[in-house]
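Residue-level listing of the chains:
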Amino acid sequence: MNKTAPTANIHSFESLATLDGKGIRYGIFFVGCPYRCVYCHNPDTWSGEGQRFTVEELAKKVVRYKPYFGKDGGVTISGGEVLVQSAFVAEFEKRMKKEGVGVVLDTSGGVPLTDDVKRALKGAETVILDLKFWDDAGYRQYCKGSISTVLDTLEFCEKNKVPVWIRTVIIPGINDREECIDRYAEVVQGHKCVERYQLLAFHTMGFSKYEKLGIKNPLEGTPALDRSRLEELQAYLDSKKVTVND
Ligand code: SF4
């Protein structure tokens, strides 16, 4: 572990969640993120000081929920961007392994592949990887970052046989057309590590956080994506058979 950072900066927890991985999960949200996505619904996780935990303290919190995890459940670590604290994450995963608790690592892929990031990716039972846009121009315009680390993360998981679920948020007026889905599919196609590709609907539930934090909301006035449109686009994506299970 990085000796100068023996604790993690944690934003919040969610007990017994059913999203973000298989089965019943305990969610841990880490502070920090290199991106600034226009559709972010958690701007409160970008920076600042949350609660500090050592690996042992965090493990204690998770272990209390072990009886609920069953065969498929476990812990999901997310953010913000969890890999900003990759040295801690790699140690935490080792500790969870000892407990027999699987870790799903939910990442934007926005962090360069340092040795600690590689260790953290390899230590996860599944990596949930955002593919926010299909090219660098999209990342630059809407996330204030680059796609290159995302592609590097995907290739690393492919090479190291780490199972990946891809996720993309669909935003009305930005990426909600079939030709956008074609482009996303091109990026993912041919990767044997990709087990699922799930589209998520843009929603407006995070809007109040922008107001509270005094940050300008770049998508103010944009409506939530209609559920039926999401289903249409998911069916279109599924028809392209880009995952290993298709
Ligand atoms: S990567 Fe996630 S937490 Fe970071 S700005 Fe984008 S949506 Fe928000």
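The structure we're discussing is the one just above.
Residues numbered from 1 in each chain as written. Predicted model: local features only at pLDDT ≥ 70, side-chain atom pairs only at ≥ 80, totals over all residues.

Chemist: Which parts of the structure should I look at to understand the overall build of the protein chain?
Modeler: Scanning the protein chain from N- to C-terminus turns up nine helices and eight strands. Radius of gyration (C-alpha) of the protein chain: 18 Å, near the 18 Å computed for a compact globule of 246 residues. Counting only C-alpha atoms and orienting by the principal axes, one finds that the protein chain spans roughly 45 × 45 × 35 Å. Each of the 246 residues in the protein chain was classed as buried or not, and the buried ones make up 40%. A sequence separation of at least 24 residues applies to 77% of the contacts in the protein chain between residues at least 6 apart. (Helix = DSSP H or I, 4+ residues; strand = E, 2+ residues; numbered from the N terminus. Rg over C-alpha atoms; globule rule 2.2 N^0.38 Å. Buried ≥ 20, exposed ≤ 12 C-beta atoms within 10 Å, placed from the backbone. Contact = placed C-beta atoms within 7 Å.)

Chemist: Looking at this structure, how should I read helix H1 (residues 55-63)?
Modeler: Residue pairs spaced three or four apart in an α-helix point in one direction, given the helix's 3.6 residues per turn. Taken together, the buried positions of H1 are occupied by Val 55, Leu 58 and Val 62. Down the axis of H1, the sector holding all buried residues measures 70°, keeping them to one side. Looking at H1, the residues exposed on the side facing more than 90 degrees away from the buried face are Glu 56 and Lys 60. Next to the buried residues of H1 lie strand S1 (7-17), strand S2 (25-30), strand S3 (51-54), strand S4 (74-78) and helix H3 (86-99). (Arc of directions from axis to C-beta.)

Chemist: Help me understand the environment of His 191, please; the structure alone is not making it clear to me.
Modeler: One can find His 191 in the loop between helix H7 (178-188) and strand S8 (194-201). Since 18 C-beta atoms lie within 10 Å of it, His 191 is described here as partly exposed. With 37 residues separating them along the chain, His 191 and Leu 154 place their C-alpha atoms 8.3 Å apart. If near-sequence neighbours (up to four positions away) are discounted, His 191 is found in contact with Leu 154 and Glu 158.

Chemist: Would you mind going over the site of the ligand with me for this structure?
Modeler: Neighbouring the ligand are the residues Cys 33, Tyr 35, Arg 36, Cys 37, Cys 40, Asn 42, Thr 45, Gly 79, Gly 80, Glu 81 and Ser 108. Within the shell around the ligand, the residues separate by chemical class into four nonpolar, five polar and two charged. (Near = placed C-beta within 6 Å. Nonpolar A, V, L, I, M, F, W, Y, C, P; charged D, E, K, R; others polar.)

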